[in-house]
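Take a look at the letters that make up each chain.
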Amino acid sequence: MSEQRADVGGFEHAQGFVAGEVSGSLGLGPLEVQYEELFAEALADGVITSEERSRLEKAADNLGLDRSRLLRLEQAMVALYQSRHRVQIIEQYDAGAPSLALQIEADGDAGRALLIKRVEQLEARVRELEEELRRAQAAVNVEVDLTDMESAADAASEDPEEVWRRLRRNPTAPDGYRQLLRIQTARGDFDAAQRAVEALVALGAVTLDEAALFERGRSHTLISPRGSLSQADWHDLLFHPELELLTGQIFSLIAPAVLVGRVAALRRDGKLYQPAPEAKQDPSKATITAVRAVPWAAAILGLACPQLYLDKERDVGFQPIPGVPPFTVIGRRVLSGRTQLEQAFLVGRHLTWYRQEMYLKTLFNSVPDLEDMFLAALTIGNPALPIAEDMKRRVTPIAQAIQPLLEPQQVDALRGCFLRFVEEGGRTNLQRWSAAADKTAARAGLVLCGDLGTALGILATEEGAQGELGKDLLWFSASDRYGKLRRQLGVARTAAT
């Protein structure tokens, strides 16, 4: 079966999709400092030539840095330079060249004209959307049905929170989902009711009426969100409750340094994976759906899209590979035989590991390795950390290898994290944290996939029926947190749909 091609449709953002700010992705710390030094050199004479801009863009590509972050860095440096030297920065470019990050001219205000034109376009689009909304509201049919009013009122007054708490303890109990179905139907929350009946279908516990409801509301197509997830959405709604934020913050501070060290060790041992240059993919021109899925998913999840390489012979799906910057290899497991919904789940789970607090699990997935990394980070934060002698002999070399690759502010942050860690009891369970990270990644896959049956089917091939990841996804799929995520993305189902 050949690779799936884009001409069959899919993995395109809907008209009106607004990508939010990229947040939470793995940063490369010192590499951004290198870019800052290059940009400072370009500013030295007050003119950024097209040749200097070309060098900067090549440096950004080679270092794998996020362009939106670099734009903010450049803007801050330009403002500081202009303030100190009382000059205007000019960026020279040839006619027909691509739009530049900075378009400041000494003798005019062309940027203001462009901005006014863009505002006018946006205002016109707002008026179009308002008119569409008015027409949609006018087309809504209002139906009144007073049958079973008393029982519906009783159901609507029940508290779903208590049901969710019971399901959290026993996520495979059909009665809980059936109760949620009754409550949410009475409240008129069609999306929540549909998610409850999806869980019943997954458990094989539906009645004929429930099966009919499921078929009426089921979608076989990709979600079409209005925008992307924010950092707050991840923290408040998507993270598993046992994914301790402080533990993740500590890992996030050392992740770039550990990555650089890991790449150096692999290169030294001749084990560093080097993809063929011609295998690199341009997502904007890609015709293979598995390739197109990655930038589509990254934009929705609010993450940076990694560099992509195709390897049709490699027996993997979406595989994170250590490098500077890290990149993704797309292998044969997702190039054929997968539906778009399955690819959406797999790519959502994959991209979660590029979040800075979780990236270390792509390098060291075993809990003992994570414990060593965690203790090494605490040792940097407090060299006098009281730990057993045999553990100190194991951890100290790791800390000594990591610390030179950290910036001073990162070391200071580790000191602060150590103090917070002590204040909060000085305990963490990395076995539980690691499992919670796996569950969070599966939740992100469900958000993009939007189909519980598809997600559970993939997990069942990995851990068997009703494994820990699957049970967490069952509960999460019917929870209010998932419902809020769907409403914020604009993909929650209504009775009209």
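Everything numeric in this text was worked out from a predicted model, so none of it was measured. (Residues numbered from 1 in each chain as written. Predicted model: local features only at pLDDT ≥ 70, side-chain atom pairs only at ≥ 80, totals over all residues. Heavy atoms only, no water.)

**Student:** Would you take a moment to explain the overall build of the chain for this structure?
**Tutor:** When helices and strands are tallied, the chain shows 21 helices and five strands. Taken over 497 residues, the chain has a buried fraction of 45%. In the chain, 74% of the contacts between residues at least 6 apart in sequence involve partners at least 24 apart. Of the roughly 25,700 Å² of accessible surface on the chain, 51% is carried by carbon and sulfur atoms. (Helix = DSSP H or I, 4+ residues; strand = E, 2+ residues; numbered from the N terminus. Buried < 20%, exposed > 50% of the residue type's maximum accessible area, 1.4 Å probe, protein only. Contact = heavy atoms within 4.5 Å. Areas by Shrake-Rupley, 256 points an atom, 1.4 Å probe, with all protein chains shown as cover.)

**Student:** What is the right way to read empty space enclosed by the protein from this model?
**Tutor:** Using a probe with the size of a water molecule, rolled over the atoms, empty space left in the structure can be pinpointed. Taken as a whole, this structure holds one cavity of 30 Å³ or more when the rule is applied. Counted as a void, the largest cavity has a volume near 40 Å³. Lining the largest cavity are Arg195, Glu198, Leu446, Gly450, Asp451, Leu452, Ser477, Tyr482, Arg486 and Arg493. A per-class count over the lining of the largest cavity returns three nonpolar, two polar and five charged. (1 Å grid on protein atoms, 1.4 Å probe; cavity = no way out; pocket = protein on both sides within 12 Å on 5 of 7 lines; lining within 4 Å. Points joined across faces, edges and corners; volume = space filled by probe spheres on them. Nonpolar A, V, L, I, M, F, W, Y, C, P; charged D, E, K, R; others polar.)

**Student:** In this structure, what is going on with the pairing of strand E5 (residues 327-330)? I would like to understand it.
**Tutor:** Remark: a regular strand shows side chains that alternate across the two faces of the sheet. Alternating positions in E5 separate into two faces, Phe327 and Val329 on one and Thr328 and Ile330 on the other, with burial throughout. Bridge analysis of strand E3 (residues 307-310) against E5 gives four bridges, and the strand direction is parallel. By the bridge assignment for E5, Leu310 is matched with Ile330. The pairing of strand E4 (residues 318-321) with E5 spans four bridges and is classified as antiparallel. Residue pairing for E5: Ile321 is matched across the bridge by Phe327. Here E4 folds back onto E5 in antiparallel fashion, the turn holding five residues. (Pairing = 2+ DSSP bridges.)

**Student:** Could you clarify how one ought to interpret the nonpolar core in this entry?
**Tutor:** Within soluble globular proteins, side chains that are nonpolar tend to cluster in buried spots. Counting residues in each nonpolar core, the largest one holds 117 residues, and the members touching the most others are Trp296, Ile330, Phe345, Leu351, Leu360, Ile402 and Leu448. If you look at the next biggest cluster of nonpolar residues, it comprises six residues, including Tyr309, Ile321, Phe327 and Val329. (Core = buried A, V, L, I, M, F, W, Y, C linked by side-chain atoms within 4.5 Å.)

**Student:** Where do I start with a nonpolar patch on the surface in this structure?
**Tutor:** A grouping of Val260, Val324 and Leu405 is seen on the molecular surface, where their side chains present a nonpolar patch of about 180 Å² in accessible area. Structurally, Val324 can be placed in the loop between E4 and E5. (Patch = residues over 30% accessible without salt bridge, like charges linked within 9 Å, V, L, I, M, F, W, Y side chains within 5 Å. Salt bridge = Lys/Arg side-chain N within 4 Å of Asp/Glu carboxyl O.)

**Student:** Explain the sheet that holds E4 to me, please; I cannot follow it from the model alone.
**Tutor:** Note on sheets: strands pair through backbone hydrogen bonds, and any given pair is parallel or antiparallel. Spatially, E3-E5-E4 is the arrangement adopted by the three strands of the open sheet, whose pairing is mixed. Strands with a single pairing partner mark the edges of an open sheet, and in this sheet they are E3 and E4. Going across the sheet, the axis of each strand differs from the next one's by a mean of 30°, ignoring polarity. Packed on one face of the sheet, helix H13 (residues 340-352) meets E4 and E5 and runs near 15° to E4. (Axes fitted to C-alpha atoms, helices over the stretch in contact; angles between N-to-C directions.)

**Student:** Where do I start with helix H17 (residues 408-423) in this structure?
**Tutor:** What sets the pattern is the α-helix's 3.6 residues per turn: residues three or four places apart point alike. Across its 16 residues, H17 extends 23 Å between first and last C-alpha, which sits within 8% of the 22 Å expected from 1.5 Å per residue. Buried residues along H17 sit in contact with helix H11 (245-268) and helix H15 (367-381). (Expected span 1.5 Å × (residues − 1).)

**Student:** Just to check I follow, could you spell out the packing of aromatic side chains for this structure?
**Tutor:** In this structure the tally under the stated criterion is nine aromatic pairs. With a centroid separation of 5.5 Å and 70° between ring planes, the pair formed by Phe374 and Phe421 is classed as edge-to-face. With Phe374 in helix H15 and Phe421 in helix H17, this residue pair connects regions lying 47 residues apart in the sequence. In this pair, the class of Phe374 matches that of Phe421, namely buried. Ring pairing ties together the aromatic residues Phe251, Phe374, Phe421 and Trp433, which thus form one cluster. Over the ring of Trp475 we find Arg168, and its NZ or CZ is 5.2 Å from the ring centre. The ring of Tyr273 has Arg314 lying over it, and the distance from NZ or CZ to the ring centre is 4.4 Å. (Phe/Tyr/Trp six-rings, centres within 6.5 Å; stacked < 30°, edge-to-face > 60°. Lys NZ or Arg CZ within 6 Å of the ring centre and 35° of its normal.)

**Student:** What exactly am I supposed to notice about unusual backbone geometry here?
**Tutor:** Outside of glycine, negative phi angles account for most residues, and trans bonds account for most peptide bonds. Note that the residue after Val324, namely Pro325, is joined by a cis bond; omega there is 5°. Along the chain, Pro325 turns up in the loop between E4 and E5.

**Student:** I keep staring at the environment of Gly176 and nothing clicks. Help me out?
**Tutor:** Tracing the sequence through the fold places Gly176 in helix H7 (residues 174-187). Separated by 302 residues in the primary sequence, Gly176 and Ala478 place their C-alpha atoms 10.0 Å from one another. Excluding its chain neighbours within four sequence positions, the residues that come into contact with Gly176 are Val163 and Leu167.

**Student:** Got a minute to help me understand the side chain of Asp451 in this structure?
**Tutor:** You can see Asp451 is positioned in the loop between helix H18 (430-449) and helix H19 (452-463). Among the residues examined, Asp451 registers a relative accessible area of 3% and is labelled buried. Sequence-distant contacts of Asp451, that is, excluding residues within four places in its chain, are made with Arg218, Ser219, Leu341 and Leu446.

Bear in mind that shape data such as this cannot, by itself, settle questions of function.
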